[in-house]
Amino acid sequence: MSSREGPSRFVAEHVRGIPYSGIRDFFDIVQGVPDVISLGIGEPDFVTPWRIREAAIYSLESGHTSYTANMGLLRLREEISGYVAQNYHVQYDPQKEILVTVGVSQALDLALRATINPGDQFLYHEPCYVSYVPSIDLVHGCPRQIHCTEESRFAVTPQALEEALTDKTKAIVLNFPTNPTGGTMSREELEAIAKIVRERDILVISDEVYSELTFEGEHTSIASLPGMKERTLFLHGFSKAFAMTGFRIGYACGPAELIEAMMKIHQYSMLCAGTASQEAAIEALRHGRDECIAMRDEYKLRRNYIVEALNSIGLSCHMPRGSFYAFPSIASTGLSSKEFAGRLVKEKKVACIPGNAFGPSGEGFLRCCFATSLDKIEIAMERMAAFVSEVRDGGSK
Ligand SMILES: Cc1ncc(COP(=O)(O)O)c(C=O)c1O
């Protein structure tokens, strides 16, 4: 029986065309290999700080097991408003301009669904988070890449943006600090982008999920620049900085009309984010700052170690200024990203993600997540050094 005759004949054409994530493909390979050190999965190795977990437990103990308002608990929206004003210097009205979501993932999905007409062109910068292109495809938008390079520290340059723009461009998705490169953009760099965006009347969807994990300088949100709040959807969440991936909680801030449009979809599809997660998020914003800073400082130590180790192995690696990813070039080994990552896991039991999982611009790179203990990173680097030297020796035979 051909697959079109089986149950898969019911699957929508545009879903059939969506490839599996390169990360998932890779994890299928990794799963069969025992004792692997994983620098693969992009998630904190820390357990959620106790006070936040306790708030979730208390929420359940108190019997708070019902739906909340579609927009999310007002107390949480008020906390978000204060937090965003203090840390990102943009003021959002908790009544109309903030929507609590199931992670940044849902905020992104709602933002795209609320703004894309079939055929609208959405720009994204590559290498990029694996969800952007399929998410745009799924709502019948046209994704178009802005190619970012190591030379420009994986920032979006005005020239690259101008080259990607067409008459059909409606919006641009920005993600700084970036998964997978750790690239960041300074205020001056963002100002140059914002100028073009204003001139061309483009919407910005800004995914700032790694913003607290900025190691050098101050993180600037493009939403805070003059004339940008009214054309930006600011997406954020708790997964990375507060180590709350399993809580599935995030939020979108933006102009009331756009939040209202997202809310309409949210109320019919999700209703609201989990109640215990919302109460835990309130605690994170009220009292989680110190734990957040402690985790960031620990990531910074690991970053300094891994970047130096990679460079000393001869895999040139720029210094990621944010996120918890190092993105070394493996081009000097003569292997493709997939070959390098595949052989590394089989021969040395170290799992990293091939750079091309993040789009064709990632070919020749490897994503190494340093949200794992320093002991493990040290062993992983020893094994990688041995692997690279064997590849080089093999190559010269
Ligand atoms: C850039 C980026 N945005 C969004 C997400 C998803 O975040 P959340 O857990 O809040 O849905 C991730 C997760 O890896 C990410 O890397």
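Above: the structure in question.
The paragraphs below set out a description of the structure included in this document. (Residues numbered from 1 in each chain as written. Predicted model: local features only at pLDDT ≥ 70, side-chain atom pairs only at ≥ 80, totals over all residues. Heavy atoms only, no water.)

### Quick word on the nonpolar core
Note on soluble globular proteins: their nonpolar side chains tend to be buried together.
Move 1: Ranked by size, the top nonpolar core spans 98 residues in total, and within it L39, I205, I306, F340, M381 and M384 carry the most contacts.
Move 2: Here this core gathers at least three residues from each of two domains, domain 1 (7-47 + 291-391) and domain 2 (50-287).
Move 3: The residues touching L39, leaving out its near neighbours within four places in the chain, are I306, V350, A351, C352, R367, C368, C369, T372, I377, A380 and M381.
Move 4: One finds Y83, F242, M244 and C292 within the second-largest nonpolar core, a separate group that totals 29 residues. (Core = buried A, V, L, I, M, F, W, Y, C linked by side-chain atoms within 4.5 Å. Buried < 20%, exposed > 50% of the residue type's maximum accessible area, 1.4 Å probe, protein only. Domains from an automatic or database assignment. Contact = heavy atoms within 4.5 Å.)

### Observations regarding the packing of helix α3 (residues 50-61) against helix α10 (residues 275-287)
Move 1: Packing of α3 against α10 leaves a shortest axis separation of 8 Å and a crossing angle of 140°. In the crossing of α3 with α10, the sense of the turn from one axis to the other is right-handed. Contact residues: α3 offers R51, I52, A55, A56, S59 and L60, while α10 offers T275, A276, E279, A280, E283, A284 and H287.
Move 2: Taken together, the residues that form the contact of α3 with α10 break down as 7 nonpolar, 3 polar and 3 charged. (Axes fitted to C-alpha atoms, helices over the stretch in contact; angles between N-to-C directions. Helix = DSSP H or I, 4+ residues; strand = E, 2+ residues; numbered from the N terminus. Left-handed = near helix turned anticlockwise from the far one by under 90°. Nonpolar A, V, L, I, M, F, W, Y, C, P; charged D, E, K, R; others polar.)

### Looking at the sheet that holds strand β12 (residues 366-369)
Move 1: The antiparallel open sheet is built from 3 strands, whose spatial order is β9-β12-β11. On the outer flanks of this sheet lie β9 (325-326) and β11 (353-354), each paired with one strand and no other.
Move 2: Examined bridge by bridge, β9 and β12 share 2 bridges and lie antiparallel to one another. By the bridge assignment, Y325 is partnered in β12 with C369. (Pairing = 2+ DSSP bridges.)

### Let's talk about the sheet that holds strand β8 (residues 250-253)
Within a sheet, adjacent strands bond to each other through the backbone by hydrogen bonds, running parallel or antiparallel.
Move 1: Ordered by their spatial adjacency, 7 strands build an open sheet running β2-β8-β7-β6-β5-β3-β4, and the pairing between neighbours is mixed. For this open sheet the edge positions go to β2 (98-101) and β4 (142-147), each flanked by a neighbour on one side alone. In this sheet, neighbouring strand axes are inclined to one another by 20° on average, regardless of whether the strands run parallel or antiparallel.
Move 2: As judged from the 4 bridges shared by strand β3 (residues 121-126) and strand β5 (residues 169-174), these two strands associate in the parallel manner.

### Observations concerning the site of the ligand
Move 1: Around the ligand lies a shell of 13 residues, among which V104, S105, D207, S239 and K240 are the nearest.
Move 2: Here Y210 contributes a side-chain N or O atom positioned 2.8 Å from an oxygen atom of the ligand.
Move 3: One of the side-chain N or O atoms of K240 is found 2.7 Å from an oxygen atom in the ligand.
Move 4: Contact with the protein chains removes 92% of the 400 Å² of surface that the ligand exposes when unbound.
Move 5: For the shell around the ligand, the leading source of residues is helix α5 (residues 103-115), giving 3 residues.
Move 6: Across the shell around the ligand, the residue classes tally to 5 nonpolar, 5 polar and 3 charged. (Near = heavy atom within 4 Å. Polar contact = N/O pair within 3.5 Å; in protein donor to acceptor, adjacent residues only side chain to side chain. Areas by Shrake-Rupley, 256 points an atom, 1.4 Å probe, with all protein chains shown as cover.)

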